[in-house]
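Examining the three-dimensional arrangement
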Amino acid sequence: MKKLFFILFLVLAAVPAGAEVGAGTASPVPLADPYILYDGGRYYAYGTYSPDGIVVLVSDDLKSWEWPDSRPGYLALHKDSSYGERWFWAPEVYKKKDGGYLMYYSADEHICFAESDSPLGPFVQKEQKPMLAEKGIDNSLFIDEDGTPYIFWVRFDGGNVVWMAELEDDLKTIKMETMCFCIRMSQLWEQEWPSVNEGPFVMEHKGKYYLTYSANSYESKLYGVGCAVSDSVNGPWTKYGDNPLLCAPDGLVGVGHHAFFHDRKGRLKIVFHSHHDSERIHPRIMHIASAGFRKQKDGADRLVIDGNYFTPVIAE
C-alpha cells in the first residue's frame, strides 16, 4: 500500500497544483481543514472552501472525488440556515444514534453545530446561535468508550489554546463546569509563528488518549501536526518530545489541520491540507496518508503518520 501511495504521489507531484491530470480533466481537491466521513459505502469530504457555508464532495475510493449532482461548490450547509455570516471553517460531521447527522463548524470565530437527515445536507441550525457566547474555533467531538461525549476546541487566550469539556447527551450543550485547559504553544518547533495550538483531534487506543493538533500559523510553511498523550481524557497532556509528527513532507508546505478516519477496510487514515504550492497559500489542497500505532518496548504505543501521502483529485 505504501508503494501505491508513493507511485500516485510521483504522478501528481509532476503536475502543478490545479492543473489537469491524465486524459480527462481533474484537479486536486481544494479543501482546507478537511474532514472525511465514511458512511453507507461512500466517503464524504467536508472542509473550508466557500464564504457562504460548508461544502461537501463524495467519493467511492478516496482518490477521485465529485461534487454532488455535478454542482461545483455544492453547499451542505448554507449561511442562511445557520449562525454566522462569514468565516465558515473546520467542519466535522458525525452520524448520530438516531440516524441523523451532526455537523460541528466555526463561523464568525464561534463554535457552532447544525443537523441534517443526510450527510449531503442541507444542515440546519434551528436556533441560530453558537455553542458558546465567547469566541472560539475548531470544535471536535470525542465519545469515550463509556459513551460520555466531550468537545475539544480552541479558545483565544493569549494565542490559540486547546480546551475541552463534557457535553450533554444531546451532543450540543456544553457542561460549563467541566471546561478545562489541555495544551498551548510550549515546544521550540511551535514557536516559528505565532502562539498557536489548534485543530484538535482526539483518539483513544489501549487505554491511552492521543490529542493531535496543529501548531504555528496556518500561513507558515512550517505549519505542522503534533501529538500529546494522556492517561485520562481530562489530561494532563504530555507532548511527544520529538514533535512534529507531520511537517513539510516531501513536496508540501503549510501542512496541518487534519482529521483521522477509518477507510472501508478499517485502516486508519489521516486527511490534512497543505498550501497550494511553495509560493501561494490559497486555495489549500487536501491530502491523505496512512496512520497507525506502533508498539514500543516500554510505554504506550506510539502514533505514527506515513509520509507517503497521496493527493486526491476532483473528476470534472
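Residues numbered from 1 in each chain as written. Predicted model: local features only at pLDDT ≥ 70, side-chain atom pairs only at ≥ 80, totals over all residues. Heavy atoms only, no water.

Put simply, the rule is: UniProt positions are given in the numbering used here, feature names are shortened, and annotations may be inferred rather than shown by experiment.
As annotated in an unreviewed UniProt entry, the protein chain carries the name Glycoside hydrolase family 43 protein and is attributed to Candidatus Cryptobacteroides faecipullorum. In UniProt, the protein chain has this text filed under Sequence similarities (unreviewed entry): "Belongs to the glycosyl hydrolase 43 family."

Topic: the sheet that holds strand E9 (residues 110-116)
Rule in force here: At least two DSSP bridges between two strands are needed for those strands to be called paired. Runs of E in the DSSP output that reach at least two residues are strands. Runs of H or I that reach at least four are helices, and both are numbered from the N terminus. Structural elements are reduced to axes, namely lines fitted to C-alpha atoms, with helices fitted over the stretch in contact, and the angle between N-to-C directions of any two is expressed from 0 to 180 degrees.
Spatial strand order, E7-E8-E9: 3 strands in an open sheet with antiparallel pairing. Since the sheet does not close on itself, it has two edges, and those belong to strand E7 (89-95) and E9, each with one partner. Strand-to-strand twist across the sheet, computed as the mean angle between neighbouring axes with direction ignored, equals 20 degrees.

Thoughts on the environment of Tyr101
Note the threshold: Only protein chains enter the calculation, and the probe is 1.4 Å; a residue is then buried if its accessible area is under 20% of its type maximum, exposed if over 50%, and partly exposed in between. Two N or O atoms count as a polar contact when they lie within 3.5 Å, although within protein this holds only if one can serve as hydrogen donor and the other as acceptor, and sequence-adjacent residues are included solely when both atoms are side-chain atoms.
Here Tyr101 lies in strand E8 (residues 101-107). Look at Tyr101 and you get buried, because its relative accessible area is 5%. Only 2.5 Å separates the side chain of Tyr101 from the side chain of Asp39, close enough to count as a polar contact.

Quick word on the sheet that holds strand E20 (residues 268-274)
The strand order across the open sheet built from 4 strands is E19-E20-E21-E22, with neighbouring strands paired in antiparallel fashion. In this open sheet, the two strands that pair with only one neighbour each are strand E19 (256-262) and strand E22 (302-305). Pairs of neighbouring strands in the sheet enclose a mean axial angle of 30 degrees, with direction left out of account. One ladder, built from 4 bridges, connects strand E21 (residues 285-294) with E22; its direction is antiparallel. The residue bridging Ala291 from the neighbouring strand is Ile305, located in E22.

Comments concerning the pairing of strand E15 (residues 208-215)
Along E15, 7 of the 8 residues are buried, which leaves the element largely enclosed by surrounding structure. Taking the residues that link successive antiparallel strands as the turn, the strand E14 (residues 197-205)-E15 hairpin has 2 residues, and the phi of Lys206 there is positive, at about 55 degrees.

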